[in-house]
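Fold and geometry: a report
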Amino acid sequence: MSLLLFAAKGFALGFAVAAPLGPIGALCINRTLQRGFWVGLSGGLGTALADAAYGALAALGFATFSAALATIDGPMRLVGGLAMIWLGWQGMKPKPPRPAAEIGARDLLGTIGATFLLTIANPTTILSFAVFFAGLGLASAADAPSALVVVAGVFAGSLAWWVILTGGVALVRHKVSDRFALWVGRLSGALILAFGALAVGSFVAGLVR
């Protein structure tokens, strides 16, 4: 697999992991509305850094056991793809609004650090990365250059989502409705479901070759 493809898959992974709108997403939206784009984006930057850190841990784990995992790459892709479909389907269901995360930081650096710690302290994030790594076929990123490219892609994809979210909120400002979170959840869920379907499709295609 070329480094460019690893970068693209890492970007997709970072974007998909960041997209579900949780407490940190609500925090970034609120801060964007109250204090502008850069303050809102600073929260997303902290999350993107944490996503990159988790991506590095996942890449390291897969690289460590690459020889054994290479023999079960297909089943891993299938299981990961099915898990992504389930996560996407759950994400598309209507949910009550999530309360925004509360942090005491007021400046940009403090916000970055606080959201980094909030994200890195969430144990379910590493499980999400394991699912997405398997589903997207990233277990083959066993060497250092490939792993670094994947991690850089994860950071870029996650940050791209936060730029889109906070930038969009900054543009519409006070026109954000109560249904905004619902549609963001549906779109992000559909994105994850699509990635899962592609993963399952690639597994099936490999069987019929």
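It should be emphasised that the depicted structure is a prediction, and the values quoted were computed from it without experimental measurement.

A separate point is the nonpolar core. Formed by 19 residues in total, the largest nonpolar core has its most connected members in Leu13, Phe129, Phe132, Phe133 and Leu138. When contributions to this core are tallied by element, the ones reaching two or more residues are α1 (3-18), α3 (37-64), α7 (123-135), α8 (144-172) and α9 (180-208). Of all the elements, α1 adds the most residues to this core, at five residues. Those residues within four positions of Leu138 in sequence are excluded, and the remaining contacts are Phe6, Lys9, Leu13, Phe133 and Val150. If you look at the next biggest cluster of nonpolar residues, it comprises 13 residues, including Phe15, Ala18, Ala19 and Leu21.

This part covers the packing of aromatic side chains. According to the stated counting rule, one finds three aromatic pairs in the structure shown. Seen in terms of ring centroids, Phe11 and Phe15 are 6.4 Å apart; in terms of plane orientation they differ by 20°. Their pairing is stacked. One end of the pair, Phe11, and the other, Phe15, are both in helix α1, four residues apart, so they sit about a helical turn from each other. You can call Phe15 buried: its relative accessible area is 18%. Aromatic side chains Phe15 and Trp161 sit 5.6 Å apart centroid to centroid with 80° between the ring planes, which places their arrangement in the edge-to-face category. Of this pair, Phe15 sits in helix α1 while Trp161 sits in helix α8, placing them 146 residues apart in sequence. In this structure an aromatic cluster arises from ring pairing among Phe11, Phe15 and Trp161.

The end-to-end C-alpha distance of α8, which contains 29 residues, comes to 42 Å, matching closely the 42 Å that a straight helix rising 1.5 Å per residue would cover. Note on α8: the residue one or two positions beyond its end, Arg173, has a positive phi of about 50°.

What counts and what doesn't
- Residues numbered from 1 in each chain as written.
- Predicted model: local features only at pLDDT ≥ 70, side-chain atom pairs only at ≥ 80, totals over all residues.
- Heavy atoms only, no water.
- Core = buried A, V, L, I, M, F, W, Y, C linked by side-chain atoms within 4.5 Å.
- Buried < 20%, exposed > 50% of the residue type's maximum accessible area, 1.4 Å probe, protein only.
- Helix = DSSP H or I, 4+ residues; strand = E, 2+ residues; numbered from the N terminus.
- Contact = heavy atoms within 4.5 Å.
- Phe/Tyr/Trp six-rings, centres within 6.5 Å; stacked < 30°, edge-to-face > 60°.
- Expected span 1.5 Å × (residues − 1).

Shape descriptors only; they carry no functional weight alone.
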